[in-house]
Amino acid sequence: MGGGSWATALAKLLLRNCDHIMWYMRRDDRIEDFKRIGHNPAYLTDVQFDTARIEFSSDINAVCTAADTLLLVMPSPYFKSHINKISVDISSKTVVSAVKGIIPGDNEIVSDYMAHRFGVDPENEIVIAGPCHAEEVALDRPSFLTVGCHNVELAEEFGRRLNSPTTRTIPSSDIEGIEYAAVLKNVYSIAAGIIHGMKGGDNFLAMLVSNAIREMERFVDEVCPRPRCICDSVYLGDLLVTAYSRFSRNHNFGSIIGKGYSVSTARMEMEQTAEGYYGTKCIKEINKKYGIEMPILDAVYDILYRHANAERAMRSLGKWFI
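Here is a short report on the structure shown in this document. Nothing here was measured: the structure is a model prediction, and the numbers come from that model.

Below, the discussion takes up the sheet that holds strand β4 (residues 94–97). One open sheet accounts for five strands, arranged β3-β4-β5-β6-β7; its pairing is mixed. In this open sheet, the two edge strands, each paired with only one partner strand, are β3 (69–72) and β7 (167–172). Across the sheet, the mean angle separating the axes of adjacent strands is 20° when strand polarity is ignored. Against the sheet, helix α8 (residues 175–197) makes contact with β5 (125–129), β6 (143–148) and β7, and its axis sits at roughly 40° relative to β5, the strand it touches most.

This is the structure we're talking about:
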């Protein structure tokens, strides 16, 4: 469910191990173009598909009725506008979220929203995360995904549907921690991009990232306490790839700001959604309840929402770094 780069990459993986899939896209013209040319007309256009194995539909309720597993791959800012069109009962479905963000306005991770809005059993909810760019999956580069579920056997079962000669899945039971970490790494990637744009240097960037993982650990350990190793790939690895990679839209968004452009200009320049923009505000509001020390989050929030000078705000972080 979704028509962007990540949805396209995951569909490629699934069709290695499944006979056929259903694919919900909201635009009929996009579906017709896909069928005609054999690839997504807008994203990852080099990835060819056997469209005879795909049942396309712009009817979200028809897809939800027929499918046994719902894989949600929409940008978080537009998630509710899609998902709230569902009027059929999906409470018994397996629901998989590959949404790397949080729901603006509700300040909820996707698993919580699906449980309370649609009555989905938390034992049947799965999240996909990890240091894995859609573009590199499309290029068949070695990729690693973490599949999180309270029911680890279900995580392993779904993971087998994504495995390929170049993609390995790692099961986890830390579904909430994974989701919050996926939001936070986008926030920190914006900060990393700002440092890159202002030519702050590798030394400064390394200090930012090493402190960002500590800040992430403080937050997830307080909000969803349980044993976890923050150095695992789904936490630290995902932060590293998002902070440093040229494929990272959040990094690129921050880089535009770091070069001296306004936040509104940076948003207009982006062809794809920088989810960290929304995630920053959501986490800031959630943290009002907890009062966790989060200087990097606070600095990014001040830049994005309070018109703080980006270079000055980033340099002021130095006094917090250890």
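Within the largest apolar cluster, 58 residues are counted, with the highest numbers of intra-cluster contacts made by Y180, F219, F253, I283 and M314. Ranked by residue count, the leading element in this core is α8, at 13 residues. Leaving out residues up to four positions away in the same chain, Y180 has contacts with I102, I109, F219, V220, V223, C224, I283 and I286.

Attention now goes to the pairing of β6. Taken across its six residues, β6 has five buried, putting it largely inside the fold. Of the pairings in the sheet, the one linking β5 to β6 comprises three bridges and is antiparallel in character. Paired with I128 across the strands is V147, a residue of β6. Of the strand pairs in this sheet, β6 and β7 are connected by six bridges, and their pairing is parallel. Its bridge partner lying in β7, S143 is registered against T167. With respect to chirality, the unit in which β6 leads through helix α7 (residues 152–162) into the neighbouring parallel β7 is right-handed.

It is worth spelling out the environment of N107 at this point. Residue placement: N107 occurs in the loop between β4 and α5 (110–118). What makes N107 buried here is its relative accessible area of 18%. C-alpha of N107 to C-alpha of E285: the two residues are 178 residues apart in sequence and 7.7 Å apart in space. Each residue touching N107, except ones within four places of it in the same chain, is listed here: I102, C282, E285 and I286. Among the polar contacts made by the side chain of N107, one reaches the side chain of E285 at a distance of 2.8 Å.

The next subject is the packing of aromatic side chains. In total, this model carries twelve aromatic pairs according to the counting rule given. Here the aromatic rings of F79 and Y113 are separated by 6.2 Å at their centres, their planes lie at 75°, and the arrangement is edge-to-face. Taken together, the residues span a long stretch of sequence, with F79 in helix α4 (residues 79–83) and Y113 in helix α5 at a distance of 34 residues. Just as F79 is buried, Y113 falls in that class too. Taken together, a centroid distance of 5.2 Å and an interplanar angle of 25° make the contact between Y301 and Y305 stacked. Of the two residues, Y301 and Y305 both sit in helix α14 (residues 295–305), four residues apart, roughly one turn of that helix.

Next up on the list: unusual backbone geometry. For L44, which is not a glycine, the phi torsion comes out positive at approximately 45°. Secondary-structure assignment places L44 in the loop between α2 (28–37) and β2 (54–57). Classification of L44 by relative accessible area gives buried; the value is 18%.

Here the focus is the side chain of N211. If you trace the backbone, N211 turns up in helix α9 (residues 202–223). Among the polar contacts made by the side chain of N211, one reaches the main-chain amide nitrogen of I322 at a distance of 3.1 Å. Discounting chain neighbours no more than four positions away, the residues touching N211 are I296, W320, F321 and I322.

Attention now goes to the pairing of β2. Regular strands place side chains that alternate from one sheet face to the opposite one. With four bridges connecting them, strand β1 (residues 21–24) and β2 associate as parallel partners. Opposite W23, over in β2, you have F56 as the bridge partner. Of the crossover connections in this fold, the one passing from β1 over α2 to the parallel β2 is right-handed.

Our focus in this paragraph is α14. Burial analysis of α14 places eight of its eleven residues in the buried class, the great majority of the element. Taken together, the buried positions of α14 are P295, I296, L297, A299, V300, Y301, I303 and L304. Buried-residue contacts for α14 involve α8, α9, α11 (249–258), α12 (263–269), α13 (275–290) and α15 (310–315). Directly beyond the C-terminal end of α14, a positive phi value near 60° is found at H307.

Okay, the side chain of K100 next. Inspection of the secondary structure puts K100 in the loop between β4 and α5. Buried within the structure, K100 lacks any salt-bridge partner; D238 is the closest side chain of opposite charge, at an N-O distance of 5.2 Å. If sequence neighbours within four positions are ignored, K100 has contacts with W6, G130, C132, A182, K185, N186 and E275.

Moving on, we get to the packing of α8 against α9. Contact geometry for α8 and α9: axes closest at 10 Å, N-to-C directions at 155°. Our classification of the angle between α8 and α9 gives roughly antiparallel. The element α8 and its partner α9 pack so that their crossing is right-handed. Across from G177, Y180, A181, L184, K185, Y188, A191, A192 and I195 in α8, the residues of α9 making contact are F204, L205, L208, A212, E215, M216, F219, V220 and V223.

Cut-offs applied
- Residues numbered from 1 in each chain as written.
- Predicted model: local features only at pLDDT ≥ 70, side-chain atom pairs only at ≥ 80, totals over all residues.
- Heavy atoms only, no water.
- Pairing = 2+ DSSP bridges.
- Helix = DSSP H or I, 4+ residues; strand = E, 2+ residues; numbered from the N terminus.
- Axes fitted to C-alpha atoms, helices over the stretch in contact; angles between N-to-C directions.
- Contact = heavy atoms within 4.5 Å.
- Core = buried A, V, L, I, M, F, W, Y, C linked by side-chain atoms within 4.5 Å.
- Buried < 20%, exposed > 50% of the residue type's maximum accessible area, 1.4 Å probe, protein only.
- Right-handed = clockwise from strand over helix to strand, strands pointing away.
- Polar contact = N/O pair within 3.5 Å; in protein donor to acceptor, adjacent residues only side chain to side chain.
- Phe/Tyr/Trp six-rings, centres within 6.5 Å; stacked < 30°, edge-to-face > 60°.
- Lys, Arg positive; Asp, Glu negative; His and termini not counted.
- Salt bridge = Lys/Arg side-chain N within 4 Å of Asp/Glu carboxyl O.
- Parallel < 35°, antiparallel > 145°, perpendicular 65-115°, else oblique.
- Left-handed = near helix turned anticlockwise from the far one by under 90°.

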